[in-house]
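A structural walkthrough
Listed here are the chains, written in short residue letters.
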Amino acid sequence: MSFPRLLWFALSLVCLAASGRSQGRVIVLGFDGADARMTRRMMDAGELPHMAKLAEQGTFAPLISTNPAESAAGWAALNTGVGPVKNGVASFIVRSLEADHVKPATGHVRIEDVAYKDLDHRGIFKRWIAGTERMPLILGGVLISLLVLWLLFRFLFGMGKLAALLMAGILSGALGAGLHRAKGYMDIQIVDVFHNQVVADGFWDYAGRAGVPSIVLDAALSFGRDATEGTRVLGGLGLPDTVGAVSGNWSIFTDDALLGSPQPLGENAGSTQSGSMYLLTDINGVLKGDVYGPVHAEQRASVLTELKALLLELEGAGSMGYKEKGTLDERLRQLEREAAAFGLNDQGESGGSISNTARTKLPLLIERGEGEVTVTLGSDEPQTIREGEWSSWFHLEFEINPMVSAKAITRMRLNSAADPLELYVHTFEIDPEAPLEWQPVSQPPGFAKEAADWIDAPYETLGWSCMTNQLKDRRLDTRVFLEDIEFTMDWRRRLTAAAMQRDDWRLLYSVYSTTDRVQHMMYAHFDDRHPGHDEETAAQSVSFFGKPTTFAEVIPAIYKQMDERVGEAMEAMRPDDVLYLCADHGFTSFRRQVFLNNLLCEHGYLKLKEDLRVADGGTPLGFVDWSSTQAYSLGLGMVYLNLKGREPHGIVDPADARALLENIRKDLLAVQDFGQDLEVSVEPVSPIADAEILWDAYPGEWQGKGYPCADLMVGFAEFYRIAWGGVMGGMALHQTSHGVTPYEAYKDNLNPWSGDHASNSPDLVTGIFFSSKKLNLPETGVSVMHLAPTILKSLDVPIPDSLRLAPLTAE
């Protein structure tokens, strides 16, 4: 810390002491998806004693999320105290306006390639190599080494002038060649690096700049930002794994040809496209395979350089002979195939899927035993894994080139030892003890290792931890999913407990995601009217946190675990401490899915193109006749106008926009679903609870391409959500005798992902807000954007004028 900063901090402490203000600490626990209604019911039933005590002594209220009520937008607003227009994150999924079409895009992260040499390198040698141009680097290195070596050989070893010069020249030349090669190792592109889209400061940044030492653990969308002095941040939601996969990149290896496919291709494990099924090769009784890591950047650079050079050569091939041009064309086709493996198109532009042949790899060796296997992965020590059990962490290193490597950790589970053998290999987490230079998981970068030292163990760094996709793709059993939930909750509990025991902070913010993940995947067992509910399955029992628990009881059980974490925090509190609990949104059962584009088409706002095919319904907006379409849907319940001057083929005049949205809103609120629970003959249901023009909620330049929010945000009623096929801008179509026509807009949700909140009305899926102090609550309710100013007020930190809402005040 600089002297002026140290002096300012000391004076601040003196002023605070003189004014008699408390130097108590603030503890903030976040529980992703903790629902206010569920919490209230369980407190009333005596099942959450610690939270009930906190509510009695202090404050409990529903916490209103953003619109949409989902994690990316909700946590971004909660952390920053400002809405999506100012913080930069409106949703997980947004629409991208290209020159001639509209397509879905990620809204919470930006994924791009980065030049390795431009990174903030930690080693002196790498910084020198990266920061010096090639020729000055080589010439300078050669000349300096030549002089030093000549003096060394001449005077230390007593060699003659010419002999010393010859030896020095040989070694200096070798050094020059090495520097040339080292510079080449640095001149590579790292593929699929994630950048945080949040552009506003978190409340911990304001606290840190005011001299309040802070620790932040696993906070959503907190990674990749400039470090604030005195603040240590461990990133959470939004961080990818080592290969650049947002939900992880897992594998299942088997010896059954009916289940897996030969490498390197493998077989896609399901609709999430996050996992692969691989067939092992038996060589002399040892099963062999490969695991795949980051892209082989040097090979990619070589292919890209030659492809671009060849394209330039072919541009001027007018006077070239037929045979010579044919040879170049054949080489071009070969390079295009090689480029496609790296996700590059025929012009060398990235954006496609990357083949395993373009990735670094490590060998996987499996030796069978009786009810067990011994696994060797890469150069790490072998581990013996019993059937139905997990391994310890494997430590991996993928070499991209001799100067660049990626370290990772993973776990394995032996699902079956024989008939067939099935070995699950978890995603390759970024190793917190050796984070990637291009994808730090903490600020400052060394904090990730410090946190691992606290608990004497590595931990998961993937932002979307917990195996939801594996269960969603029906590749792993529910019991395995729950084992992983316990694992994640345990290391986060230990990390939070270790932080609480420290005396080097005044603000501690720790977030648990397991409440959210369990509700997404277990609601069909909890809700006996869910179309996917099966009484026999729901009654199955599993050991969950050491207690016999039926599948139907798992959601209440994870709330009880939340209550235990709250109890641990209350026990650690000092007399002047303040405790806050918060959630980004609540939850409901997801029974029915709705295709919004079908509803827009039904009411005449969306027109279908000619020569329509059923397959067009699965292509993002591939069915739209833009010349006569007024509105379309893409994302988690978003409706956009086909606006002139904004959309590529816009037809709606901005002057008519509000009136058109009001009409759409009126028509959508009037729709009814006649297909729900027909077996019990219930009345038709209104699937849409509300629809909000977001320009009013989040003012901004909505006529421009930079406005991040939808024009109209649909809020679905209880048990409804945007259809799976509608998230990416799809539509339900089917073939009839009259051609391809729209199909039913409503459909049962039979996916294991059976609980949700995204696209539900924010007034329905409210999260939790607790305070250990009694607070005055606004008549309009407590918003996620109340948290930041309220926390800062508790710390006696000046509240920035940029924050949207005033802090909640004590009674």
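Only a predicted model underlies this, so the values are computations on that prediction, with no experimental measurement involved.

1. Some thoughts on unusual backbone geometry
Geometrically, the link from asparagine 67 to proline 68 is a cis peptide bond, its omega value of 15 degrees lying close to zero. Note on placement: proline 68 falls in the loop between β2 (59-64) and α4 (71-80). Cis geometry is found at the peptide bond from glutamine 443 to proline 444, where omega equals -10 degrees. By secondary structure assignment, the location of proline 444 is in the loop between β22 (442-443) and α12 (447-455). Within the chain, aspartate 419 stands out as a residue other than glycine whose phi angle is a positive 55 degrees. The topology assignment puts aspartate 419 in the loop between β19 (412-416) and β20 (422-425).

2. A look at the pairing of strand β17 (residues 394-401)
Where a strand is regular, its side chains alternate between the two sheet faces. Sheet topology note: the β17/strand β18 (residues 404-410) ladder contains seven bridges and is antiparallel. Bridge assignment links phenylalanine 394 to a residue of β18, and that residue is threonine 410.

3. Comments concerning the packing of aromatic side chains
Per the counting criterion, the structure on display carries 24 aromatic pairs. Measuring from ring centre to ring centre gives 5.6 Å for phenylalanine 447 and tryptophan 454, while their planes differ by 70 degrees; the resulting arrangement is edge-to-face. When the ring of tyrosine 459 is compared with that of tryptophan 491, the centres are 5.2 Å apart and the planes differ by 25 degrees; the resulting orientation is stacked. Taken together, the residues span a long stretch of sequence, with tyrosine 459 in the loop between α12 and α13 (468-472) and tryptophan 491 in helix α14 (residues 478-500) at a distance of 32 residues. Each of the two residues, tyrosine 459 as well as tryptophan 491, counts as buried. An aromatic cluster of three or more residues is present, and its members are Trp464, Phe590, Trp724 and Trp753. Above the face of the tryptophan 393 ring, arginine 411 is positioned so that its terminal group lies 5.9 Å from the ring centre.

4. Some remarks on helix α19 (residues 657-670)
The terminal C-alpha atoms of α19 lie 20 Å apart, and with 14 residues this matches the ideal 20 Å at 1.5 Å per residue to within 8%. Buried within α19 we find Ala657, Leu660, Leu661, Ile664 and Leu668. Along the axis of α19, the buried positions cluster into a sector of 95 degrees, meaning they face one direction only. Facing away from the buried side of α19, by more than 90 degrees, are the exposed residues Lys666 and Ala670.

5. Section: the packing of α14 against helix α15 (residues 514-526)
It is at 11 Å that the axes of α14 and α15 come closest, and there the two elements cross at 160 degrees. Compared by their axis directions, α14 and α15 come out roughly antiparallel. Of the two possible hands of crossing, α14 and α15 adopt the one that is left-handed. Where α14 abuts α15, its residues Thr478, Phe481, Leu482, Ile485, Thr488 and Met489 lie against Thr514, Arg517, Val518, Met521, Met522 and His525. Classifying every residue of the contact of α14 with α15 gives seven nonpolar, four polar and one charged.

6. Concerning the side chain of threonine 231
With respect to the helices, strands and loops of the structure, threonine 231 is situated in strand β8 (residues 231-235). Looking at threonine 231, the relative accessible area reads 4%, which means it is buried. Not counting the four nearest positions on each side in its chain, threonine 231 is found in contact with Trp204, Gly208, Ser214, Gln443 and Pro444.

7. Here's the deal with the sheet that holds strand β14 (residues 359-369)
Overall, antiparallel pairing links the five strands, which are arranged β12-β13-β14-β15-β16 in an open sheet. The sheet is open, and its two edges are formed by β12 (281-283) and β16 (383-386), each paired on a single side. Each strand axis lies, on average, 35 degrees off the axis of its neighbour in the sheet, ignoring direction. Pairing between strand β13 (residues 286-295) and β14: eight bridges, direction antiparallel. When the bridges of β14 are listed, tyrosine 292 appears paired with lysine 361.

8. Side note on the pattern of salt bridges
Tallying each qualifying case throughout the model produces 42 salt bridges. Measuring nitrogen to oxygen at the nearest pair gives 3.9 Å for the salt bridge that ties aspartate 32 to arginine 517. Here the residue aspartate 32 occupies a position in the loop between β1 (26-31) and α2 (36-44), and arginine 517 occupies one in helix α15, the gap between them amounting to 485 residues. For the pair shown, aspartate 32 and arginine 517 are each scored as buried. Here aspartate 504 and arginine 232 are joined by a salt bridge, their closest N and O atoms 2.8 Å apart. Here the residue aspartate 504 occupies a position in the loop between α14 and β23 (507-512), and arginine 232 occupies one in strand β8, the gap between them amounting to 272 residues. Members of the salt-bridge network, linked through shared partners, are Arg95, Arg646, Glu647 and Asp711.

Calculation criteria
Residues numbered from 1 in each chain as written. Predicted model: local features only at pLDDT ≥ 70, side-chain atom pairs only at ≥ 80, totals over all residues. Heavy atoms only, no water. Helix = DSSP H or I, 4+ residues; strand = E, 2+ residues; numbered from the N terminus. Pairing = 2+ DSSP bridges. Phe/Tyr/Trp six-rings, centres within 6.5 Å; stacked < 30°, edge-to-face > 60°. Buried < 20%, exposed > 50% of the residue type's maximum accessible area, 1.4 Å probe, protein only. Lys NZ or Arg CZ within 6 Å of the ring centre and 35° of its normal. Expected span 1.5 Å × (residues − 1). Arc of directions from axis to C-beta. Axes fitted to C-alpha atoms, helices over the stretch in contact; angles between N-to-C directions. Parallel < 35°, antiparallel > 145°, perpendicular 65-115°, else oblique. Left-handed = near helix turned anticlockwise from the far one by under 90°. Contact = heavy atoms within 4.5 Å. Nonpolar A, V, L, I, M, F, W, Y, C, P; charged D, E, K, R; others polar. Salt bridge = Lys/Arg side-chain N within 4 Å of Asp/Glu carboxyl O.

Nothing here speaks to function; it is all geometry.
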